[in-house]
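Below, each chain spelled out in residue letters.
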Amino acid sequence: VDEAAPTLWDLEAIVLVPGTRIIMRPNTPHSVLTILHALCHGGHFYVMSCMRDTLVGMTHAFMANSYITNTHHTKSRLLLRRMVIFAYMGLVDQALEDDDPDLEHLPDPGDMNSLMDLILLCIIGVTINLLDFRTYTHRAAKEEMTEWEKEQLAKFDCNGLSSSERQACQYVRGLGLFMLHWIDDHYSVKDADCRIVDGFAFHCLFAFIDGIKCYMELAEAQKDISSAPNCTLESLEDQIKSLFPPDSLHAKLRGQASDSAATVAHLLPQTTGYTVSEIKKPEKPASRISLEKAMLLGETMTDRRFRDGLEINFSMEAPDSLDEKPSKKRKR
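Residues numbered from 1 in each chain as written. Predicted model: local features only at pLDDT ≥ 70, side-chain atom pairs only at ≥ 80, totals over all residues. Heavy atoms only, no water.

## With respect to the overall build of the chain
Of regular secondary structure, the chain possesses 10 helices and 2 strands. In the chain, the succession of α and β elements from N to C terminus is α-α-α-α-α-β-α-α-α-β-α-α. Among the 332 residues that make up the chain, the fraction classed as buried is 43%. When contacts within the chain are restricted to residue pairs at least 6 apart in sequence, those whose partners lie at least 24 apart make up 76%. For the chain, the exposed area adds up to about 20,400 Å²; of that, 53% sits on carbon and sulfur atoms. (Helix = DSSP H or I, 4+ residues; strand = E, 2+ residues; numbered from the N terminus. Buried < 20%, exposed > 50% of the residue type's maximum accessible area, 1.4 Å probe, protein only. Contact = heavy atoms within 4.5 Å. Areas by Shrake-Rupley, 256 points an atom, 1.4 Å probe, with all protein chains shown as cover.)

## Focus on the nonpolar core
Side chains of nonpolar character tend, in soluble globular proteins, to be buried together. One finds F62, I119 and L205 to be the most contacted residues of the largest nonpolar core, which totals 69 residues. Where this core is concerned, the elements lending two or more residues are α1 (51-64), α2 (77-92), α3 (112-126), α5 (163-186), β1 (187-190), α6 (200-221) and α7 (233-243). Setting aside residues up to four positions removed in sequence, L205 forms contacts with I123, V126, L177, L180 and F244. By size, the runner-up hydrophobic cluster in this structure holds 5 residues, among which are F156, C158, I312 and F314. (Core = buried A, V, L, I, M, F, W, Y, C linked by side-chain atoms within 4.5 Å.)

## Observations regarding the packing of aromatic side chains
What the rule picks out here adds up to 9 aromatic pairs. A ring pair is formed by F200 and Y274, whose centres lie 6.0 Å apart and whose planes are at 50°; its orientation type is tilted. On the criterion of sequence distance, the pair formed by F200 in helix α6 and Y274 in the loop between α8 (249-256) and β2 (275-278) is long-range, its members being 74 residues apart. Classification of F200 as buried rests on a relative accessible area of 3%. Judged by centre distance (5.6 Å) and plane angle (75°), the rings of F206 and F244 are edge-to-face. With F206 in helix α6 and F244 in the loop between α7 and α8, the pair connects residues that are 38 residues apart, well separated along the chain. Put simply, the rings of F62, F133 and Y136 pair up and form one aromatic cluster. The cationic tip of R166 hangs over the ring face of F306; the distance from NZ or CZ to the ring centre is 4.2 Å. (Phe/Tyr/Trp six-rings, centres within 6.5 Å; stacked < 30°, edge-to-face > 60°. Lys NZ or Arg CZ within 6 Å of the ring centre and 35° of its normal.)

## A few points about a nonpolar patch on the surface
The grouping of V15, V17, L33, I35 and L36 at the surface amounts to a nonpolar patch, some 590 Å² of accessible area in total. Position of V17 among the secondary structure elements: in the segment before α1. (Patch = residues over 30% accessible without salt bridge, like charges linked within 9 Å, V, L, I, M, F, W, Y side chains within 5 Å. Salt bridge = Lys/Arg side-chain N within 4 Å of Asp/Glu carboxyl O.)

## As for the packing of α2 against α5
The contact between α2 and α5 brings their axes to 10 Å, and the two run at 40°. When the axes of α2 and α5 are compared, the pair comes out oblique. Taken as a pair, α2 and α5 cross one another with a handedness that is left-handed. Residues R81, V84, I85, A87, Y88, L91 and V92 of α2 form the contact with α5, whose own contacting residues are E165, A168, C169, Y171, V172, L175, G176, F178, M179 and W182. In the contact of α2 with α5, the residues fall into 14 nonpolar, 1 polar and 2 charged. (Axes fitted to C-alpha atoms, helices over the stretch in contact; angles between N-to-C directions. Parallel < 35°, antiparallel > 145°, perpendicular 65-115°, else oblique. Left-handed = near helix turned anticlockwise from the far one by under 90°. Nonpolar A, V, L, I, M, F, W, Y, C, P; charged D, E, K, R; others polar.)

## A few points about the pattern of salt bridges
According to the stated counting rule, one finds 17 salt bridges in the structure shown. Across the pair K150 and E147 runs a salt bridge whose closest N-O atoms are separated by 3.6 Å. Taken together, the positions of K150 and E147, both in helix α4 (residues 147-156) and 3 residues apart, correspond to about one turn of that helix. Exposure remark for E147: the relative accessible area of 59% places this residue in the exposed category. In this structure, R195 and D191 form a salt bridge, with 3.0 Å as the shortest nitrogen-oxygen distance.

## Some remarks on the side chain of Q239
Tracing the chain through its elements places Q239 in helix α7. The exposure class assigned to Q239 is buried, which follows from its relative accessible area of 8%. In contact with Q239, other than residues within four places in its own chain, are L130, T135, Y136, D157 and T302.

## Examining the environment of F206
Classification of F206 as buried rests on a relative accessible area of 1%. As for F206 and A251, which are separated by 45 residues in sequence, their C-alpha atoms are 9.8 Å apart.

Structure, rendered in structure tokens:
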């Protein structure tokens, strides 16, 4: 507390007495001081109306790692994936009945703040692997990766995520990208000067991508702060390139969004004074996306490398066989 910069922080002390419960928003810096022997328990939950702080908090935890957090919350990624699926089912697929009590948990795209929560939830879905600590470490590595493990990771992307979880992430990434297109197709956003922001949803995605690249550059320059284990600017850029292959539609869209704010101070567009209006009613029957198309839309270049590795068991029999393909059995 004595070292905290008074110009950057407003500090507040809260004394919790027996029976007290405190609920904090995501992305809230805090520290705990135990003044008496005590037993306590805590937990975490996600709220649809806090997706901005959730995404920014996830980014800070990824970039600063143990400097600001003591756990990675990898199991909670399942909940985030389910939230993306829920938003898709409720808004795009229109699978909820009018009297379904779960409707109140859906974001309202006609409200600017709620629209941002929806867009940022989609961005979480698209970058679900990008901001996962396990993405940058070989699945068999203990602490530091061996040279062989580094080579296998680069060749096959055989990281710490299981095959089934990778498929789940691929599906949710496809839904996230599909919903970003759906948002830009059905809603028009105007800035504070009443100018239409074309492709606003994807503008937010690309601004965020550029922002985390800038963040990583600053993180690598800090001697006392380290990001996710084995994650470097080079490996992060490799994952980003995998998201947007050069010949893909999304790479072209990203090239057109050249005015994205690539600064850490603005990971996300500042939307004060922005307004949104509906320009196209949701279709009935819904303009849904099939499982196969969602998987195809969400597939990245690293997913393809992983699939190729699966077919040859990642050539893990011996380091010398990394570039060898299994020989075909001769017919007798």
